[in-house]
Amino acid sequence: MDLRALRYFIAVLEAGSLSRAAASLYVAQPALTAQIKKLENELGTQLFERSHAGVTPTTAGMQLYHDARRLLSDAAALRERFQRPPNGLEGSVTLAIPSLLSSLLLGPVLMRLKERHPLVRVFVLDDLSLMVRKAMLDRRADVGILVDTPVLEGMACEPLAEESIFLCGFDVGGIAAPLVKRPRKSASGKAVTRRGIGDIAFAKAAQLPLVLQSRRFNIRQQVEGAASNLGIELNVAYEHDSARVLRSLYQAGAGFTFTPGCALDASALTNEHWICARVTEPELKRSYTLATPANRAVDPVAQALIDVLREEIERMVGEGIWKAELPAGHQKD
């Protein structure tokens, strides 16, 4: 295997076609096909599914794509490092993070990191919480944010944050509003509440038409566990694994869903029909843990990312952007 073979592989995947990739690389298509087959033989796995419409990466192909991009980036950085004098922290780091949290957190984190260390490159693997855990165990990431996993074999783990689970949806028919416990009011008449959001008992939330992902997802497992402990059944109106389909359904008023604090839609809170209530009795929680491989010291580049992650999390929680709580030892005065 050489870097040229990896460049050819990336070009084919991104083009979706051997012929288009060959044209962009200025190589003959038979030669390109031979290089891809040679790479598959060396790795002992199929990288593409072929069809008349082009090529589609297999699971192994997508994994190689992420790893190859980082490898080529590191190789380019290595060349540059010897062609100019060093200037600050430089290198690459791979972060594995749950998809829901990445939407909230990564924009500010990557911007701050770039301002502080412009030569640091971050590769992101954002996926389901189960796949994030797998990426860490497979050593495909240097830093990981785990969900509801305080301890993981072979990893050094530190608590990052904990958030509540909320029931959300458009209550066009007015069936959910009577079930929500509204904030009590003080003597001045102002609402007194934790972050200004009402509460709903889990048993009452379970009666509402629900729009949920399948049982292989972490939040669904929590919800199923709470229902089982209370001896009640969930009123599942729709079940889809696609987050986009679920979002479309509950925005259309088809039902309500359980959402972690990091995924709350702030813009929807201004809509009079939007329901957003913290689930209680029991209160469903979701914890996040920072993980790094325990068998090696954290290098300066990974540490720089970790520092910025912690700073941004503290800022977002402190400003109420993220409806979460910091570990007891990290609470600000």
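Since the model is a prediction, treat every value here as computed from it, not as a measurement.

1. Focus: the overall build of the protein chain
Alright, step 1. Looking only at helices and strands, the protein chain features 10 helices and 15 strands.
Alright, step 2. C-alpha extents for the protein chain along the principal axes are approximately 75 × 50 × 35 Å.
Alright, step 3. When each of the 333 residues of the protein chain is scored for burial, the buried share is 44%.
Alright, step 4. Restricting to contacts in the protein chain with at least 6 residues of sequence separation, those with at least 24 account for 75%.
Alright, step 5. Here the protein chain has roughly 17,400 Å² of accessible surface; of this, 52% comes from carbon and sulfur atoms.
Alright, step 6. A gap of 2 Å separates the mean positions of the 40 positive and 37 negative side-chain charges of the protein chain.

2. Quick notes on the pattern of salt bridges
Alright, step 1. Inspection of every chain in the model, using the stated rule, returns 21 salt bridges.
Alright, step 2. A salt bridge links Arg 70 to Asp 74, with the nearest nitrogen and oxygen atoms 3.7 Å apart. Taken as a pair, Arg 70 and Asp 74 lie in helix α4 (residues 59-83) at a separation of four residues, close to a single helical turn.
Alright, step 3. The residue Arg 315 makes a salt bridge to Glu 312 at a minimum N-O spacing of 2.8 Å. Of this pair, Arg 315 and Glu 312 are both found in helix α10 (residues 300-318), three residues apart, which corresponds to roughly one turn of the helix.
Alright, step 4. Classification of Arg 315 as partly exposed rests on a relative accessible area of 25%.
Alright, step 5. Assessed through its relative accessible area of 3%, Glu 312 is described here as buried.
Alright, step 6. What you see here is one network of salt bridges that share partners, running through Arg 112, Arg 116, Glu 311, Glu 312, Arg 315 and Glu 319.

3. Concerning α10
Alright, step 1. In this model, α10 (19 residues) spans 27 Å end to end at C-alpha, consistent with the 27 Å of a helix rising 1.5 Å per residue.
Alright, step 2. Following α10 by one or two positions, Gly 320 has its phi on the positive side, about 80 degrees.

4. Describing the packing of aromatic side chains
Alright, step 1. As enumerated under the stated definition, the model contains five aromatic pairs in all.
Alright, step 2. Centroid distance Phe 202 to Phe 258: 6.1 Å. Interplanar angle 25 degrees. Geometry classified as stacked. Here Phe 258 lies in strand β12 (residues 257-260) and Phe 202 lies in helix α7 (residues 202-207), a separation of 56 residues in the sequence.
Alright, step 3. Linked through ring pairs, Phe 170, Tyr 250 and Trp 274 together constitute an aromatic cluster.

5. Things to note about the packing of helix α2 (residues 18-25) against helix α3 (residues 29-43)
Alright, step 1. At a minimum axis separation of 9 Å, α2 and α3 run at an interaxial angle of 110 degrees. Judged on the interaxial angle alone, α3 and α2 are roughly perpendicular. Between α2 and α3, the contacting residues are Leu 18, Ser 19, Ala 21, Ala 22 and Leu 25 on the first element and Gln 29, Leu 32, Thr 33 and Ile 36 on the second.
Alright, step 2. Residues belonging to the contact of α2 with α3 are distributed by class as follows: six nonpolar, three polar and no charged.

The rules behind the values
Residues numbered from 1 in each chain as written. Predicted model: local features only at pLDDT ≥ 70, side-chain atom pairs only at ≥ 80, totals over all residues. Heavy atoms only, no water. Helix = DSSP H or I, 4+ residues; strand = E, 2+ residues; numbered from the N terminus. Buried < 20%, exposed > 50% of the residue type's maximum accessible area, 1.4 Å probe, protein only. Contact = heavy atoms within 4.5 Å. Areas by Shrake-Rupley, 256 points an atom, 1.4 Å probe, with all protein chains shown as cover. Lys, Arg positive; Asp, Glu negative; His and termini not counted. Charge placed at Lys NZ, Arg CZ, Asp CG, Glu CD. Salt bridge = Lys/Arg side-chain N within 4 Å of Asp/Glu carboxyl O. Expected span 1.5 Å × (residues − 1). Phe/Tyr/Trp six-rings, centres within 6.5 Å; stacked < 30°, edge-to-face > 60°. Axes fitted to C-alpha atoms, helices over the stretch in contact; angles between N-to-C directions. Parallel < 35°, antiparallel > 145°, perpendicular 65-115°, else oblique. Nonpolar A, V, L, I, M, F, W, Y, C, P; charged D, E, K, R; others polar.

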